[in-house]
Amino acid sequence: MGIRFQKSIKIMKGVKLNISKSGVSVTVGKKGASVNLGGKGTYLNLGLPGTGLSYRQKITGSIGSLIKKKFGGAKDQEGQDVIEEYAAEHEAYCNIHKYTDNVMTLSKLSASLDDSLINGDKKAVEEKIGEFNGALELPYEIGVNYSLDGNKLYADLDLPEIEDLQEDYPSLKADGTVSVKKKSKATLKEEYAQVVVSIGIFLAANYFNISPAIKTIVLSAFTQKKNKAGEEVDTYIYSVQFLRGAFEKIDLSKIDDVHHFITQFDCRMNMSESFTFKAISPFEMPESDDLGDIFTKGNALVEEAIKNLEAMGFDAKELAKVKEKLEGLDLASAKEYMKEAMKLLSE
């Protein structure tokens, strides 16, 4: 992609799901089989009725592996509880848009927002979006590039990959015991199509609630696909212009068909009946002549490269020495900065 944005942030895969900007905790399911989504994390809560036994653990891996490890031999009602627990957790995972605040009108937002946000001050709004993105942790990794132009917010969404989805699911056998099965490729494609659009709706709703001055959100979502040369390139799969007025009238928890929902707006998406996305050209945004945009983008990529290298075991003090040299470069990706940093460290 070209340099289009003033702000860029990656939202890392985590173990908690902040489904509301107010930070409230929501429990999905019922007693004995529920998932708690809140500020302290996403917890799997399972109980075996009549035994006094219970199990609570942060969800950091495949729910299928947790089920197999703890309740693979559960029977009858116990097994049914496991099935219902999975259904509740899976619903939240695939339909994140249902678990956020509806978009509020100016009269409702004005009591809780600063004047700078109400009036749409560019710096204040972009900083608030950055704070929201920085505090957000999802069950999948995404990236968001964004820029405010008047009352229109442009956002590019770097989507998770289909490989990031939960592949396992519990099934109740004829004898009442629970087994763990693998989803078919067709099922994973359908779930992926649901997840990636649900994320877009979720982000748009939260961004609208950051400032009532945002009247339109141009959200373009892309993923990484291999070209004919075998190289991974950013490929846009949907681009939509969300209107605030329409969102203010919608109960997000009632949206089941997310694809039908976004096509009610000015939308570019080419998806087959088998949920295969074809590449599209996203809506363009105004070009910026502000050189500060380039430096902000570059610094964000440098920071990402440094963090990645630290995670790989490179010495933090040595990385600090090469950081200044990296910031003087104009490279297109964090990977390129990482390569350059490794060259500098080897000198």
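Residues numbered from 1 in each chain as written. Predicted model: local features only at pLDDT ≥ 70, side-chain atom pairs only at ≥ 80, totals over all residues. Heavy atoms only, no water.

### Considerations on the overall build of the protein
Point 1. A tally of regular secondary structure across the protein gives eleven helices and 13 strands.
Point 2. Sequence-distant contacts in the protein: of pairs separated by 6 or more residues, those separated by 24 or more amount to 65%.
Point 3. Roughly 17500 Å² of accessible area belongs to the protein as shown, and the carbon and sulfur atoms make up 50% of that amount. (Helix = DSSP H or I, 4+ residues; strand = E, 2+ residues; numbered from the N terminus. Contact = heavy atoms within 4.5 Å. Areas by Shrake-Rupley, 256 points an atom, 1.4 Å probe, with all protein chains shown as cover.)

### So, unusual backbone geometry
Negative phi is the rule for most residues except glycine; trans is the rule for most peptide bonds.
Point 1. In the Ramachandran plot, F275 falls in the positive-phi region, its phi being about 65° despite a non-glycine side chain.
Point 2. Tracing the backbone through its elements, the reader meets F275 in the loop between β12 (266-271) and β13 (277-278).
Point 3. The class of F275 is partly exposed, set by a relative accessible area of 23%. (Buried < 20%, exposed > 50% of the residue type's maximum accessible area, 1.4 Å probe, protein only.)

### Side note on the side chain of H259
Point 1. Among the secondary structure elements, H259 is positioned in helix α8 (residues 258-262).
Point 2. Within the structure, H259 has its side chain in polar contact with the backbone oxygen of A193 (distance 2.9 Å).
Point 3. Beyond its immediate chain neighbours, meaning those up to four positions away, H259 contacts A193, Q194, V197, M269 and M271. (Polar contact = N/O pair within 3.5 Å; in protein donor to acceptor, adjacent residues only side chain to side chain.)

### Focus on helix α11 (residues 334-346)
Point 1. Taking 1.5 Å of rise per residue, 13 residues should cover 18 Å, and α11 covers 18 Å from first to last C-alpha, within 8% of that figure.
Point 2. Where α11 is concerned, the buried positions are A334, Y337, M338, A341 and L344. Seen end-on, α11 carries its buried residues on one side only, within an arc spanning 125°. Projecting away from the buried face of α11 at angles above 90 degrees are the exposed residues K335, K339, K343 and S346. (Expected span 1.5 Å × (residues − 1). Arc of directions from axis to C-beta.)

### Quick word on the nonpolar core
Point 1. L157, L203, F242 and F247 are the most contacted members of the largest nonpolar core, which totals 55 residues.
Point 2. Tallying contributions element by element places helix α6 (residues 185-208) first for this core, with 14 residues.
Point 3. In contact with F242, other than residues within four places in its own chain, are G200, I201, A204, F208, K215, T216, I217, L219, F247, F261, I262 and F265.
Point 4. Residues I306, L319, L326 and L344 belong to the second largest nonpolar core, which totals 13 residues. (Core = buried A, V, L, I, M, F, W, Y, C linked by side-chain atoms within 4.5 Å.)

### Comments concerning the confidence of the model for the protein
Point 1. Per-residue confidence for the protein averages 77 on the pLDDT scale, and 74% of its residues sit at or above 70.
Point 2. Considering only residues more than four positions removed or in separate chains, one finds that residues 14-33, a stretch of pLDDT under 50, has 72 contacts.
Point 3. Below pLDDT 50 for its whole length, residues 37-41 participates in 20 contacts with residues either more than four positions away or in separate chains. (pLDDT = per-residue confidence, 0-100.)

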